[in-house]
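As a plain string of letters, each chain reads:
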Amino acid sequence: MGIMGQTRQRSAIKLCLTGCYRQVTVLTLTGLLYACGGGGGSSGGSISLVSGDQDADPVVLEVPIAYTRRPLPTEPTDLRDPLAFNPGARLLVRDRASTTAEEIDVGAQVLAIVAEEEGIDSDQVLLDIKDLDSAYDGSTIIFAARAVPQPAEINLDSTSWNLWVYDIESQQASYLIPSRLKRNEGIETGGGHDLAPHYLPDDRIVFSSTRQVASQARQLNEGRNQIFAALDEDGDDPAAVLHIYDPLNRAAEFRQISFNLSHDLDPTVLAGGDIVFSRWNNTATDHISLYRIAPDGSGLSPLYGFDSQNSGTEGSAVAYTQPRELDDGRLASLIKPFASQTLGGDIALINSADFASAGQPVWGGSGGGTGEGQEPLTATEIRTDGLLSSGGQFASVYPLRDGTGRLLVSWSDCRVVDPDANLPEGEAPGAGDYPPCTLQPDNDVAAPPLYGGWVYNPADNTQQPVVLAEEGFMVSELIAAEPRDFPDLLARADNFNGELAQANQGKLEISSVYDVDSVDASPAGIAQHARPGTAAHRDRSARFLRIIQPVPIPDRDVFDIPRYAFGVSSAFSFREIAGYVPVEPDGSVGVTVPANRPFSFSVLDAQGRRIGAPHRYWLQLSPGETLRCTGCHEAGAAVPHGRLDSQPPSSNPGAVVLGDGTTGFPDTDSNTLFATEPGQNMADTWDFHRPLDNATASARALSLSQQYTDEWRAPGVTADADILDRDYDPAWTDIPAGSPIVVPNLDPSQPSRIVINYIDHIQPIWERTRTAVDNGAGNTIEQCTGCHDSAGETLVPAGQLDLSAAPSDIDSNHYRSYRELLSGDSQQWLDNGNTLVDRQRICTDTDEDGNVITTTLMIPVGATLRAGSARGSSGFFNCFEGGDCGPDPAPPLPDNCTEDGGTVVPATRNTINHQGMLSQAELRLISEWLDIGAQYFNNPFDARLLD
């Protein structure tokens, strides 16, 4: 033994005798175990956990443990890829937490069952296992496994992640879902992957799955050409969302309870009965934070970390994963980048009761929310930024519920490659060639990690081995099958509405859209906007709420959607409009919304165009649920938002006691629309009184048009102008019968929706015959394309805008009109040969060396429309609403430039009055199409996309 080896052994002996402290490195584990009385798997110094009722020593707990052991992966799996298959894993169960306990290879049982089912030998099956959990009585272990017959590259797509259960008493593993058909249902279209199971207190199981049972059932009603599991928003894999499995099939065998467009993962049940899980928000911010939901699918809410994704080392981005509740009510969560460079991360202890994010206390806290919302499990440096982590890293965490505060963890020390190791040629390095980072502080060549299973005691910052680490392998998960208290059964919410539940609807209530983080951000003050007959009331900015729902996207093997179908930007994907509801004068909203589906909303002005930023996160309502929020949130504000139990006080003053003794709103008809108490907002007041013929019915239902009639004003007060002229005109016979704007469901009891395709619904506006106008040259024109057309490349279109259906020179799959409106272009003219060409200027400059530099300049013409924003498309709408109309004239010819010649088209800015040329209904259609993303198609299964 060399001097270095002797030093390491002495260090190991010292550490063992002082209690195997947290600073023990995995490098010295073999020497440590030898020095403590044994080596390999027979260490007399390893920990043995025994429960308090079996032994007075609170350190010991005689309960089974289960862990996964797998070959060391060559690279970490992205957390956004939960379906990834990493073969070679084994699930091993011991009857007690001791390194000397006998192990049962549950993975071998799984392989044998699958092999028999497939009619092959078990050595022909590759296996991956993850997501371990145990029953509350400690009798069973539940997990996810994926078994793939070899060759894997051929058979992988025909297999799925399945849920398994292991009975500790009988020592037998079996499928959780007995029916082979049911457990793999829909696998050919992306369904059937079941992950991350966790017991509910009534023996049902919550799990993450690509089944999307409610979403797929809705596809039938919506007339999709194919039933499939929708892809996540990156378009890579089917979205795995939360489901409930009931083995007794008491109400439904499978039920979908979350409706994210990306993954909902790692569900676990809190003592209070709620489910906490990791949600991948990928609509705008691409992060993973903790959410909460009730087992019936109600109460979906951010819980922690939404605004603190940069809470890793040196501000590095992290995801919050593997949430588990501690005895003191805090959460332990493994935090690491979702595309980590390493296999592990740090463990954060989270105070979610008092904080919504790190450093962000909840609204109206009880005073406990001081300091930070999270702290690391250990004071030892554990990095999440990809640099060498001197304190090692964790790969999993599982709190023991024995009152000691200890945790089972998978942990690896930080090791580097010994630069002084002189290995014979062809000999693999051994543990002695991988010293700890702390012994080689200048060496940044990381050695392979060595993850073993440990019990960590935060009381004295020590840990002891439970599962010995082995070179080339890792213990990736570790749990105990200990009896523990059952969580509470959640009672139904007090505001549950049975009638809405029967109609498969929920209700959205907003105190005021003018409320921004508890501040009245309205132009003239909420109380003034609410007062009929005033200028503030007449000019209030928020008039309608638009409810939007996403269109599910299939895997390319199911239906390959061509890129051009999305239009100029795929960022908006496909969107449909579920309907509209008026915003009450004080900014409040009350509206019924279809349940069990993702939706978002936008606030609109009097023209039906979105004001402010869109709401970019998906909401959902369970049947009969009422979702109430105070108002809106300013992006980047250091205050929590969206968490249902952390709502700010409303800045809406609401109803007041009036001079006649009634409670209501000044200058309103308080005889028929009186409030039931001071402070009540207008939406609640309206809901109490309307509809007149059915006091129990919901007041404001979604409408497929923007309609408003003033019923608030008091007698004698001037009424608001009605907004009733925006319905889609039945005289639009140029809309194809097979592609209507309003699309019904096959089930007539389910609501219709608005689906806008450019070629079917916007292009006909330019070609529609309408009242003739003079084009300024003495010719009468009856269509937009009468002026805005290149006439077979023989004319410069008016305003440099060609609205024809000819193929675009930018993308021949798009109409020219579509790209002319939405993409920047160059000014055109007729050259000396009377051919329509881009107008070019040849410019010369001389550099510092006297060289003549010649450049060709085009004259840009900006896009008239802006995808995603009707209000940002003022260059177009000004033409019809009294503003400047047409492109700016070309800049003067610079002195150093020449033009070869051509016919300059006279400027057309403001030469033709366009007001009244398009109807309010047409302008509304264009506005809503722009706001939802200006897609070329919004039906991805349109038969024309197959061409």
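Check the entry above for the structure.
Definitions and cut-offs
Starting afresh in each chain, residues are numbered from 1 along the sequence in its written order. Given that the model is predicted, a residue must reach a pLDDT of at least 70 before its local features are reported, and side-chain atom pairs must reach 80 or more before they are shown or counted; all residues, however, enter totals for whole chains, interfaces and linings. For the side-chain quantities, the full set of heavy atoms in the structure was used; hydrogens and water were omitted. Under the scheme used here, helices are H or I runs from DSSP no shorter than 4 residues and strands are E runs no shorter than 2 residues, and both carry numbers assigned from the N terminus. In this scheme, a residue with accessible area under 20% of its type's maximum is buried, one over 50% is exposed, and one in between is partly exposed, where area comes from a 1.4 Å probe on protein chains only. We call a pair of cysteine sulfur atoms a disulfide when they lie within 2.5 Å. Cavities and pockets are defined on a 1 Å grid built over the protein atoms alone: a cavity is a set of grid points where a 1.4 Å probe fits but cannot escape, while a pocket is an open set with protein on both sides within 12 Å along at least five of seven lines, and lining residues are those with an atom within 4 Å of any such point. Grid points are joined across faces, edges and corners, and a volume is the space filled by probe spheres set on the points. What counts as a salt bridge is simple: a side-chain nitrogen of Lys or Arg found within 4 Å of a carboxyl oxygen of Asp or Glu. Any two rings among Phe, Tyr and Trp, with Trp reduced to its six-membered ring, count as a pair given centres within 6.5 Å; such a pair is stacked if its planes are under 30 degrees apart, edge-to-face if over 60, and tilted if neither. A ring is scored as having a charge over it whenever the NZ atom of a lysine or the CZ atom of an arginine sits within 6 Å of its centre and within 35 degrees of its normal. Strand pairing requires that DSSP identify at least two bridges connecting the strands. The contact rule is simple, with two residues in contact once any of their heavy atoms fall within 4.5 Å. Any N or O atom pair separated by 3.5 Å or less is treated as a polar contact, with the protein-specific requirement of one donor-capable and one acceptor-capable atom, and with residues adjacent in sequence counted only for side-chain atom pairs.

Chemist: In this structure, what is going on with the environment of Gly833? I would like to understand it.
Modeler: Within the element layout of this structure, Gly833 appears in the loop between β42 (828–831) and β43 (836–838). Given the relative accessible area of 55%, Gly833 is considered exposed. Residues Gly833 and Gln393, spaced 440 residues apart in sequence, show a C-alpha to C-alpha distance of 73 Å.

Chemist: Is there a simple way to explain the state of the cysteines in this structure?
Modeler: Simply put, the disulfide is a covalent bond whose two ends are the sulfur atoms of two cysteines. A full pass over the atoms with the stated rule returns three disulfides. A sulfur-sulfur separation of 1.9 Å characterises the disulfide bridge that pairs Cys843 with Cys897. Looking down the S-S bond of the Cys843 and Cys897 bridge, the torsion is 110 degrees, so its handedness is right-handed. A residue pair is termed long-range when its members are at least 10 positions apart, and Cys843 in strand β44 (residues 840–846) and Cys897 in strand β47 (residues 897–898) qualify at 54 residues. Both residues of the pair, Cys843 and Cys897, count as buried. A sulfur-sulfur distance of 2.1 Å marks the disulfide that ties Cys879 to Cys885. Judged by the sign of its S-S torsion, about 95 degrees, the bond between Cys879 and Cys885 is right-handed. Each member of the pair, Cys879 together with Cys885, is buried. Left unpaired, Cys784 is separated from the closest cysteine sulfur, that of Cys787, by 8.7 Å.

Chemist: Where do I start with empty space enclosed by the protein in this structure?
Modeler: Rolling a probe over the atoms, with the probe sized like a water molecule, indicates the empty space that remains. Within the structure shown, the criterion is met by five cavities of 30 Å³ or more. Approximately 910 Å³ is the volume found for the largest cavity. If you trace the largest cavity, you find 43 residues lining it, with Leu79, Lys130, Asp131, Gln322 and Glu477 closest to the centre. Among the elements that line the lining of the largest cavity, the one with the most residues is strand β4 (residues 125–134), at six residues. Here the second largest cavity defines a volume of roughly 60 Å³.

Chemist: It is not clear to me how the pattern of salt bridges should be interpreted in this structure. Could you clarify?
Modeler: Between side chains of opposite charge, a pair can form as their charged atoms come close. All told, the structure shown has 56 salt bridges when counted by the stated rule. With a shortest N-O distance of 2.9 Å, Asp202 and Arg204 are connected by a salt bridge. Its relative accessible area of 26% is what places Asp202 among the partly exposed residues. Between Asp684 and Arg628 there is a salt bridge whose closest N-O contact spans 2.7 Å. In this pair, Asp684 sits in helix α10 (residues 682–689) while Arg628 sits in strand β34 (residues 626–629), placing the two residues 56 residues apart along the sequence. Through salt bridges with shared partners, one network takes in Arg218, Glu222, Arg224, Glu576 and Arg753.

Chemist: What is the right way to read the packing of aromatic side chains from this model?
Modeler: Describing an aromatic ring pair means giving the distance of the ring centres and the angle of the ring planes. Applying the stated criterion across every chain, the model contains 24 aromatic pairs. Ring geometry for Phe674 against Phe688: centres 6.5 Å apart, planes inclined by 65 degrees, an arrangement best described as edge-to-face. Remark: Phe688 occurs in helix α10 and Phe674 occurs in the loop between β36 (663–664) and α10; sequence separation between them is 14 residues. The class of Phe674 is partly exposed, set by a relative accessible area of 33%. Given the relative accessible area of 46%, Phe688 is considered partly exposed. Grouped by ring-pair contacts, the aromatic residues Tyr758, Tyr815, Tyr818, Trp929, Tyr936 and Phe937 constitute a single cluster. Geometry around Trp161 places Lys130 over its ring, the cationic atom sitting 4.7 Å from the centre. Above the plane of the ring of Tyr291 lies Arg279, whose end atom (NZ or CZ) is 5.1 Å from the centre.

Chemist: For this particular structure, what's the right way to read the sheet that holds β42?
Modeler: Where strands meet in a sheet, backbone hydrogen bonds hold them as pairs that are either parallel or antiparallel. With antiparallel pairing, three strands are arranged side by side in an open sheet as β43-β42-β48. Taken across any chain shown, the strands that pair with only one partner, and hence form the sheet edges, are β43 and β48 (902–903). Both β42 and β43 contribute to a ladder of three bridges, which runs antiparallel. By the bridge assignment for β43, Trp829 is matched with Val837.

Chemist: What exactly am I supposed to notice about α10 here?
Modeler: Counting buried positions along α10 yields six of eight residues, so the element is predominantly enclosed. When α10 is considered as a whole, its buried residues turn out to be Met682, Ala683, Asp684, Thr685, Trp686 and His689. Buried residues in α10 make contact with β27 (505–510), β32 (589–594) and β34. Measuring from the backbone nitrogen of Ala683 back to the side-chain oxygen at the start of α10 gives 3.0 Å, which picks out Asn681 as the cap.

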